[in-house]
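Okay, here's what each chain looks like letter by letter:
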Amino acid sequence: MSLGTVQTQAFNSEVVKAVNVEKSKLFSSLTNKSVTYKNRVIIPPMCMYSSTDGFFNEFHLAHYASFAFKGVTTIIIEATAVEPRDRISPHDVGLWSDEHIAPLKRIVDLIRS
Ligand SMILES: Cc1cc2nc3c(=O)[nH]c(=O)nc-3n(C[C@H](O)[C@H](O)[C@H](O)COP(=O)(O)O)c2cc1C
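- The protein chain is annotated in an unreviewed UniProt entry as NADH:flavin oxidoreductase/NADH oxidase N-terminal domain-containing protein of Rhizopus oryzae.
- As stated in UniProt under Cofactor (unreviewed entry), the record for the protein chain gives "FMN".

Written out as structure tokens, the structure reads:
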């Protein structure tokens, strides 16, 4: 079974029809300077509006880890405010205090594992 076939099992038939997996470069590796990505699937930043007081929580853990489990190579996390007033909604995540670090580190550690 090819890598392309394995990767597409999670997608529905419409997506499989839209992407010619065997000919697409999507699942081929890409090297940029010293970093080699195993595929070219990248999750863009998407505000989830699911935080209380700026903290990453269980929702974010499941949300971001699910992409990693599916094999994406890069995840760009959502807009993360460095001051409370930088948020575009009260439910945005942030990193304006040391207490915000551990919940985000937990997500990063899980994805790296
Ligand atoms: C619901 C939603 C939330 C988004 N949140 C962010 C965000 O937090 N930070 C950011 O830089 N871009 C955000 N974007 C923009 C997306 O990351 C992406 O750049 C945009 O959807 C265009 O994607 P495309 O170039 O693949 O069409 C958001 C987009 C959507 C639809």
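### Overview of the overall build of the protein chain
Argument step 1. When its secondary structure is counted, the protein chain shows four helices and six strands.
Argument step 2. Secondary structure elements of the protein chain occur, N-terminal to C-terminal, as α-α-β-β-β-α-β-β-β-α.
Argument step 3. Considering the protein chain as a whole, with its 113 residues, one finds that 9% of them fall into the buried category.

### Some remarks on the site of the ligand
Argument step 1. Around the ligand, the neighbouring residues are Pro44, Pro45, Met46, Cys47, Glu78 and Ala79.
Argument step 2. Here the shell around the ligand is composed, by residue class, of five nonpolar, no polar and one charged.

### Some thoughts on the environment of aspartate 86
Argument step 1. Mapping aspartate 86 onto the fold places it in the loop between strand 5 (80-81) and strand 6 (93-94).
Argument step 2. We classify aspartate 86 as partly exposed; it has 13 C-beta atoms within 10 Å.
Argument step 3. Spatially, the C-alpha atoms of aspartate 86 and tryptophan 96 are 9.9 Å apart, while their sequence positions differ by 10 residues.

### A closer look at the packing of helix 3 (residues 58-69) against helix 4 (residues 101-112)
Argument step 1. The contact between helix 3 and helix 4 brings their axes to 9 Å, and the two run at 20°. Judged by the angle between their axes, helix 3 and helix 4 are roughly parallel. Crossing angle aside, the handedness with which helix 3 passes helix 4 is right-handed. Contacts between helix 3 and helix 4 involve His60, Leu61, Tyr64, Ala65 and Ala68 on the former and, on the latter, Arg106, Ile107, Leu110 and Ile111.
Argument step 2. Split into classes, the residues belonging to the contact of helix 3 with helix 4 amount to seven nonpolar, one polar and one charged.

### A short note on helix 3
Argument step 1. Compared with the 16 Å implied by 1.5 Å per residue over 12 residues, the 16 Å span of helix 3 between its first and last C-alpha is a close match.
Argument step 2. Among the residues trailing helix 3, glycine 71 stands out with phi positive, at a value near 100°.

What counts, and at which threshold
- Residues numbered from 1 in each chain as written.
- Predicted model: local features only at pLDDT ≥ 70, side-chain atom pairs only at ≥ 80, totals over all residues.
- UniProt positions renumbered as here; feature names shortened; annotations may be inferred.
- Helix = DSSP H or I, 4+ residues; strand = E, 2+ residues; numbered from the N terminus.
- Buried ≥ 20, exposed ≤ 12 C-beta atoms within 10 Å, placed from the backbone.
- Near = placed C-beta within 6 Å.
- Nonpolar A, V, L, I, M, F, W, Y, C, P; charged D, E, K, R; others polar.
- Axes fitted to C-alpha atoms, helices over the stretch in contact; angles between N-to-C directions.
- Parallel < 35°, antiparallel > 145°, perpendicular 65-115°, else oblique.
- Left-handed = near helix turned anticlockwise from the far one by under 90°.
- Contact = placed C-beta atoms within 7 Å.
- Expected span 1.5 Å × (residues − 1).

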